[in-house]
Amino acid sequence: MTIEEIQNEIIDEFSMFEDWEERYQYMIDLGKTLPLIDEQYKTEDHIIKGCQSKVWVHAEMNDDKVAFTADSDAIITKGIIAILIRVFSNQHPKDIIEANTDFIDKIGLKDHLSPTRANGLVSMIKQLKMYAIAYQTQLN
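Because the structure is predicted, anything quoted here is derived from the model rather than measured.

(A) Structural context of helix H1 (residues 3–15). With 13 residues, H1 should reach 18 Å at 1.5 Å per residue; the first-to-last C-alpha distance of 18 Å fits that figure. Buried residues of H1: Ile 3, Ile 6, Gln 7, Ile 10, Ile 11, Glu 13 and Phe 14, and no others. Along the axis of H1, the buried residues cluster in a sector spanning 165°; they form a single face. When the buried face of H1 is taken as reference, the exposed residues oriented beyond 90 degrees from it are Glu 4, Asp 12 and Ser 15. Those residues of H1 hidden inside the fold are in contact with helix H2 (20–32), helix H3 (75–88), helix H4 (93–98) and helix H5 (102–106).

So this is what it looks like as structure tokens:
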């Protein structure tokens, strides 16, 4: 699936819920399906700066596609990074770099996060794109 197709799938899933309490529960459930980061990468080098909670992300390149794993010490944050990894993992670096993230606004996520969590969300996206830039540079 393309990034846009995955984003549209997420928009459809979030539209099935009637209120934000149900959406939060769904995000928590998504966090439980997160491809967990190997313990050896739970270090300061892999922490996303700018997040209130601890969020670790690791990326590696497989067949010209970036595969992400992550973890967080907070359940909502774990759900947020799970959504982002679902969108960006196993995609070509160039596609990750060029992807827009409008789907976040379309599901209303930013509007329902505290300012510090919203900043953390931006930091998570930046970090995932930075990994993609690094891998794209290796491909060039």
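(B) View of the side chain of Gln 136. Within the secondary structure, Gln 136 is located in helix H6 (residues 115–139). Among residues more than four places away in sequence, those in contact with Gln 136 are His 92, Pro 93, Lys 94 and Ile 97.

(C) A look at H6. Between its terminal C-alpha atoms H6 stretches 36 Å, which fits the 36 Å expected from 25 residues at 1.5 Å a residue. Listed as buried for H6 are Ala 118, Gly 120, Leu 121, Ser 123, Met 124, Ile 125, Leu 128, Lys 129, Tyr 131, Ala 132, Tyr 135 and Gln 136. Where H6 is buried, its residues meet strand E1 (55–62), strand E2 (65–72), H3, H4 and H5.

(D) Region of the structure containing the nonpolar core. Grouped together as the largest cluster of nonpolar side chains are 43 residues, with contacts concentrated most on Val 57, Phe 68, Ile 81, Leu 84 and Phe 88. Listed by contribution, the elements that provide at least two residues to this core are H1, H2, E1, E2, H3, H5 and H6. Among the elements that make up this core, the one with the highest residue count is H3 (9 residues). The residues touching Val 57, leaving out its near neighbours within four places in the chain, are Ile 37, His 46, Ile 48, Phe 68, Thr 69, Ala 70, Ile 81, Leu 128 and Tyr 131.

What counts and what doesn't
Residues numbered from 1 in each chain as written. Predicted model: local features only at pLDDT ≥ 70, side-chain atom pairs only at ≥ 80, totals over all residues. Heavy atoms only, no water. Helix = DSSP H or I, 4+ residues; strand = E, 2+ residues; numbered from the N terminus. Expected span 1.5 Å × (residues − 1). Buried < 20%, exposed > 50% of the residue type's maximum accessible area, 1.4 Å probe, protein only. Arc of directions from axis to C-beta. Contact = heavy atoms within 4.5 Å. Core = buried A, V, L, I, M, F, W, Y, C linked by side-chain atoms within 4.5 Å.

All we've got here are geometric facts, nothing functional implied.
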